[in-house]
Amino acid sequence: MEQWIGAVAVVTGASAGIGESIAIELVKKGLKVVGLARRIDRLNKLKEDLKNESGEFHPIKCDMTIEEDILAAFQWTRNNLSGVNLLVNNAGTLRNTSLTEGKTSDWKTVIDLNLLGLCIATREAVKIMTEKNIAGLIIHINSVAGHYPISSMASQINVYGATKYGVTNLAETLRLELAAKKSNIRVTSLSPGYVKTEILEAAGFGTMKGTDETFKDAPTLEPLDISNAILYLMSTPPSVNVTELTIRPTRETF
Ligand SMILES: NC(=O)c1ccc[n+]([C@@H]2O[C@H](COP(=O)([O-])OP(=O)(O)OC[C@H]3O[C@@H](n4cnc5c(N)ncnc54)[C@H](OP(=O)(O)O)[C@@H]3O)[C@@H](O)[C@H]2O)c1
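Residues numbered from 1 in each chain as written. Predicted model: local features only at pLDDT ≥ 70, side-chain atom pairs only at ≥ 80, totals over all residues. Heavy atoms only, no water.

*Asks:* Explanation requested: the site of the ligand in the structure shown.
*Replies:* What surrounds the ligand is a group of 29 residues, the closest being Arg38, Met64, Asn90, Tyr160 and Thr197. Within the backbone of Ile18, a nitrogen or oxygen atom sits 2.9 Å from an oxygen atom of the ligand. Notes on the ligand: free accessible area 880 Å², of which the protein chains cover 95%. For the shell around the ligand, the elements supplying multiple residues, two or more each, are α1 (17–28) and α6 (160–180). Of the residues in the shell around the ligand, the class split is 14 nonpolar, 10 polar and 5 charged. (Near = heavy atom within 4 Å. Polar contact = N/O pair within 3.5 Å; in protein donor to acceptor, adjacent residues only side chain to side chain. Areas by Shrake-Rupley, 256 points an atom, 1.4 Å probe, with all protein chains shown as cover. Helix = DSSP H or I, 4+ residues; strand = E, 2+ residues; numbered from the N terminus. Nonpolar A, V, L, I, M, F, W, Y, C, P; charged D, E, K, R; others polar.)

Structure (structure tokens):
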């Protein structure tokens, strides 16, 4: 991991859950982490909490559904840091609604964030990596819902699964596009099962262990389990590209 000390990571959705945990572990490993999210107060608190660690945390307020915000965040990174060595496309959401009755605006929020925001961030990171001749690593936080329909949530998950199936395809298409360009940038799709975070509350499901039967007694991963997987991916040599990594809690039933 020594080669990552002082390297630059951009982590989207760094204010909560999986992204926050990834940012913390990367700063502890000595990376300079640019953390993007809308809730700047949370990012600023994280910066304060991490001030005695070996790396750095740079908070940037960024709505990943607004292209100008994403471009400004990467411009700041280009102007103030040495490049981008690692991009973790983590920001993602779902909405508790259905395909038969849901609002178009809810579907659009999920599609804009989970697909378009990820694509724009990826394009900007690849530009910087290529300009600076960095053999970088791009990790898309996907989901088991990007590989199988979650039947127990069928009436609530609407476009989320389609966006995550899209992420599965985007990771592989990006890998092939980079390989065709003889680029050494590596691409990984990391697909968690159920992780204990704020995602269901943010989606309008109530509390994580609340009313929804699917999740009431479901085993969960901790965000740290996913951060540790990121550290594993970073520990692999530049000649190794783990293209898909699926991590479930033991006894997951969907
Ligand atoms: N939790 C699970 O069970 C699970 C399972 C599989 C995959 N995943 C995936 O893991 C990723 C992280 O989810 P999580 O569980 O950690 O969720 P979370 O606790 O709800 O955190 C989501 C993060 O995304 C950010 N975000 C949401 N909308 C945003 C926007 N418009 N612009 C910028 N940032 C935005 C949030 O920050 P702000 O609100 O401050 O902007 C927050 O930092 C997602 O891609 C999710 O699909 C989660």
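*Asks:* Teacher, can you tell me more about unusual backbone geometry here?
*Replies:* Trans peptide bonds make up the majority, and among non-glycine residues the majority have a negative phi. Residue Asn133 is not a glycine yet carries a positive backbone phi of 55°. Along the polypeptide, Asn133 turns up in the loop between α4 (104–131) and β5 (137–141). We classify Asn133 as exposed; its relative accessible area is 72%. Positive phi values are uncommon outside glycine, yet Arg251 reaches one of about 75°. One can find Arg251 in the segment after β7 (244–247). (Buried < 20%, exposed > 50% of the residue type's maximum accessible area, 1.4 Å probe, protein only.)

*Asks:* Help me understand α1 in this model?
*Replies:* Along an α-helix, residues three or four apart share an orientation, since each turn contains 3.6 residues. Counted at 1.5 Å a residue, the expected span for α1 with its 12 residues is 16 Å, and the 17 Å between its end C-alpha atoms agrees. Here α1 lies mainly inside the structure; 9 of its 12 residues are buried. The first or second residue beyond α1 is Gly30, which carries a positive phi of 95°. (Expected span 1.5 Å × (residues − 1).)

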